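Structural overview for review
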Amino acid sequence: TQSNPSTEVAGISRTSDGSLILSTGLRHEMQNILDDMQSDVTEVDKISLERLAQINPKLLARVKQTALEGLRSGAAGEHSRNESSKSDGNGATVDSSSQSAAGSSGSNST
């Protein structure tokens, strides 16, 4: 049998199956950040937030913090890219600058 050593990781509670308990908005924002970080990785090799919780809780905590800051500032979907352009120190490059999510469709303000 597998023992679940902790029911919380990076300040996030987990269910008995390891799923992270997050609000829909926070999960969405965190997943967007993680997807940006993995923009150069094939879809098959991308990891989920739950897997990140297992392999790098410190990086998950940073993703959560960046997502919370984005949600607080009202910039959901446009997280602070300077926060996510750091290396996590464990070989994972955290660089989302190659994929700009901010569309420039322009707004007509005359």
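Parameters and conventions
Residues numbered from 1 in each chain as written. Predicted model: local features only at pLDDT ≥ 70, side-chain atom pairs only at ≥ 80, totals over all residues. Heavy atoms only, no water. Helix = DSSP H or I, 4+ residues; strand = E, 2+ residues; numbered from the N terminus. Buried < 20%, exposed > 50% of the residue type's maximum accessible area, 1.4 Å probe, protein only. Contact = heavy atoms within 4.5 Å. Areas by Shrake-Rupley, 256 points an atom, 1.4 Å probe, with all protein chains shown as cover. Core = buried A, V, L, I, M, F, W, Y, C linked by side-chain atoms within 4.5 Å. Polar contact = N/O pair within 3.5 Å; in protein donor to acceptor, adjacent residues only side chain to side chain.

A word on the overall build of the protein
Within the protein, the regular secondary structure consists of three helices and two strands. Each helix and strand of the protein, ordered N terminal to C terminal, gives the series β-β-α-α-α. Per-residue burial for the protein yields a buried fraction of 27% across its 110 residues. Long-range contacts, defined as pairs at least 24 residues apart, comprise 50% of the intrachain contacts of the protein with a sequence gap of at least 6. Counting every atom, the protein has about 7100 Å² of accessible surface; 46% of that belongs to carbon and sulfur.

Here we look at the nonpolar core
Within soluble globular proteins, side chains that are nonpolar tend to cluster in buried spots. Formed by 16 residues in total, the largest nonpolar core has its most connected members in Leu20, Leu22, Met30, Leu49 and Leu60. Mapped by element, the contributors of at least two residues to this core are helix 1 (24–37), helix 2 (49–55) and helix 3 (57–72). Residue contributions to this core peak at five residues, all from helix 1. The residues touching Leu22, leaving out its near neighbours within four places in the chain, are Ile12, Arg27, Met30 and Leu49.

Considering unusual backbone geometry
Residues apart from glycine generally show negative phi values, whereas peptide bonds are mostly found in trans. Unusually for a residue other than glycine, Ala10 sits at a positive phi of about 55°. Summarising the element assignment, Ala10 is placed in the loop between strand 1 (8–9) and strand 2 (12–13).

Brief notes about the side chain of Gln38
With respect to the helices, strands and loops of the structure, Gln38 is situated in the loop between helix 1 and helix 2. Judged by its relative accessible area of 9%, Gln38 is buried. One polar contact links the side chain of Gln38 to the main-chain amide nitrogen of Ile47, over a distance of 2.8 Å. Not counting residues within four places of it along the chain, the set of residues in contact with Gln38 comprises Asp45, Lys46 and Ile47.

Bear in mind that shape data such as this cannot, by itself, settle questions of function.
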